Amino acid sequence: MQKFIYFVLVVLITCIHAGSNNFSICESTFPLNKKQDKMLEKIDFVKMHGLGNDFVIVKSENLLSSQRNLKQVAMEISNRRTGIGCDQFVVYEKIRTSYYNMTLYNIDGSFVKICGNAARCLAKLISDETGEKEFTIKSTIKDLKCRINEHTVTVNMGKVSFQEPWMPSMEKIRSVIEPFAEDLSNLICVDVANPHLVIFGIFTESNKLLVGKKLQNLEYFEDGVNVSFVTIKDNKIHVFIWERGAGPTLACGSAACASFASSLKFGLVESPSEVIFTLGNISMSEQNGDLLMTGETTFVAEGKYYHYF
């Protein structure tokens, strides 16, 4: 009996976090107190950002029971008040040598087919973990070749398309947008594996928000659309972005691609060019039809997220 009591005391002293109301125990999954009647799972994460476009990144092997409902986990983690907070939630795993899989979720739990800034951040993380300088990250729809430079990361985002079945008539879209514009010179849809609408014109900051939100509810864009408001000056592309499933963000890699490709198509810039976001620039260039995106990445934090289920 004495040995049993001693064993229990050792376990309690070793595992219980002093001061915790919920008696959060060890690193595994255990029942919490009866009042909450929930389980706890601690998920290792890294938070990074590319020009303020921020991501919580998790290895697939660290999710354990959370694999059952990643949509819900994504919504909880990305919440800026009750979670960690991010624009997108990223889950990754190694498939084979120099080849990795990346799955992306928006703050509303919806899937993201591709994200250049997420790919750049994940590429930097993988390189720091493995020492690799060149490798491929597979998104839902594309293989993205990544190269680690001295202070930046380059991702080959592949080719874009200006003709896809989902693209509506620009005359219809113009009639929706024009009343909010001080000046509207052009607009075009671009497919960067996800849908983009690039608008060249002058808008007040408040009207950019109104138009971005309004376009998500149009029947022309059944799955929503990423909206870039673009102005050009001295071969530089200034972009304000509204991301579907996320709202206004400080930067967006696929929006940089869409804006650059559209500007090239209209003869407004030459390659290479800089895409200007609120917190910095992304360098864009075109090589044999492929778009190469280069920019900095930043580590923010790492730790454990407490997932209750």
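Residues numbered from 1 in each chain as written. Predicted model: local features only at pLDDT ≥ 70, side-chain atom pairs only at ≥ 80, totals over all residues. Heavy atoms only, no water.

K.L.:
Would you mind going over the layout of surface pockets with me for this structure?
P.N.:
It is a probe the size of a water molecule, rolled over the atoms, that shows where empty space is left. Its boundaries defined by the atoms lining it, the largest pocket holds a volume of some 260 Å³. Looking at the lining of the largest pocket residue by residue, the class counts come to 6 nonpolar, 2 polar and 6 charged. The computed volume of the second largest pocket comes to approximately 170 Å³. Along the walls of the second largest pocket sit Glu134, Phe135, Lys145, Cys146, Arg147, Thr154, Val155, Asn156, Gln287, Asp290 and Leu292, which together make up its complete lining. When residues of the lining of the second largest pocket are traced back to their parent elements, those giving at least two are β7 (134-138), β8 (143-148), β9 (153-156) and β17 (290-295). Across the lining of the second largest pocket, the residue classes break down as 4 nonpolar, 3 polar and 4 charged. (1 Å grid on protein atoms, 1.4 Å probe; cavity = no way out; pocket = protein on both sides within 12 Å on 5 of 7 lines; lining within 4 Å. Points joined across faces, edges and corners; volume = space filled by probe spheres on them. Nonpolar A, V, L, I, M, F, W, Y, C, P; charged D, E, K, R; others polar. Helix = DSSP H or I, 4+ residues; strand = E, 2+ residues; numbered from the N terminus.)

K.L.:
Looking at this structure, how should I read the packing of aromatic side chains?
P.N.:
Inspection of every chain in the model, using the stated rule, returns 7 aromatic pairs. Where Tyr100 meets Phe135, the ring centres are 5.7 Å apart and the plane angle is 70 degrees; that geometry is what we call edge-to-face. Here Tyr100, found in strand β5 (residues 99-106), pairs with Phe135, found in strand β7; they are 35 residues apart in sequence, far enough to count as distant. A residue is classified by how much of its surface remains accessible, and Tyr100, at 3% relative accessible area, is buried. (Phe/Tyr/Trp six-rings, centres within 6.5 Å; stacked < 30°, edge-to-face > 60°. Buried < 20%, exposed > 50% of the residue type's maximum accessible area, 1.4 Å probe, protein only.)

K.L.:
Any chance you could explain the pairing of strand β2 (residues 39-50) here in plain terms?
P.N.:
If a strand is regular, its side chains alternate between the two faces of the sheet. β2 sits mainly inside the fold: 9 of its 12 residues count as buried. With 10 bridges joining them, β2 and strand β18 (residues 298-308) adopt antiparallel strand pairing. Residue pairing in the sheet places Leu40 in a bridge with Tyr308 of β18. Judged from the 5 bridges that link them, β2 and strand β3 (residues 53-59) form a sheet pairing that is antiparallel. Looking at β3, one finds that Gly50 is bridged to Asn53. (Pairing = 2+ DSSP bridges.)

K.L.:
When you look at the confidence of the model for the protein in this model, what are you seeing that I'm missing?
P.N.:
Do not read the predicted coordinates in detail wherever pLDDT is low. Of the residues in the protein, 87% reach a pLDDT of 70 or more, and the chain-wide mean stands at 87. Note on residues 1-35: pLDDT is under 50 here. Beyond four places in sequence and across chains, it has 35 contacts. (pLDDT = per-residue confidence, 0-100. Contact = heavy atoms within 4.5 Å.)

K.L.:
Explanation requested: the nonpolar core in the structure shown.
P.N.:
Grouped burial of nonpolar side chains is what soluble globular proteins tend to show. Judged by nonpolar contacts, the single largest core of 53 residues is most densely connected at Ile57, Met102, Leu122, Phe277 and Met284. For this core, the element with the highest residue contribution is helix α3 (residues 116-130), accounting for 7 residues. Counting residues in hydrophobic clusters, the runner-up holds 21 residues, among them Cys189, Ile199, Leu218 and Phe240. (Core = buried A, V, L, I, M, F, W, Y, C linked by side-chain atoms within 4.5 Å.)

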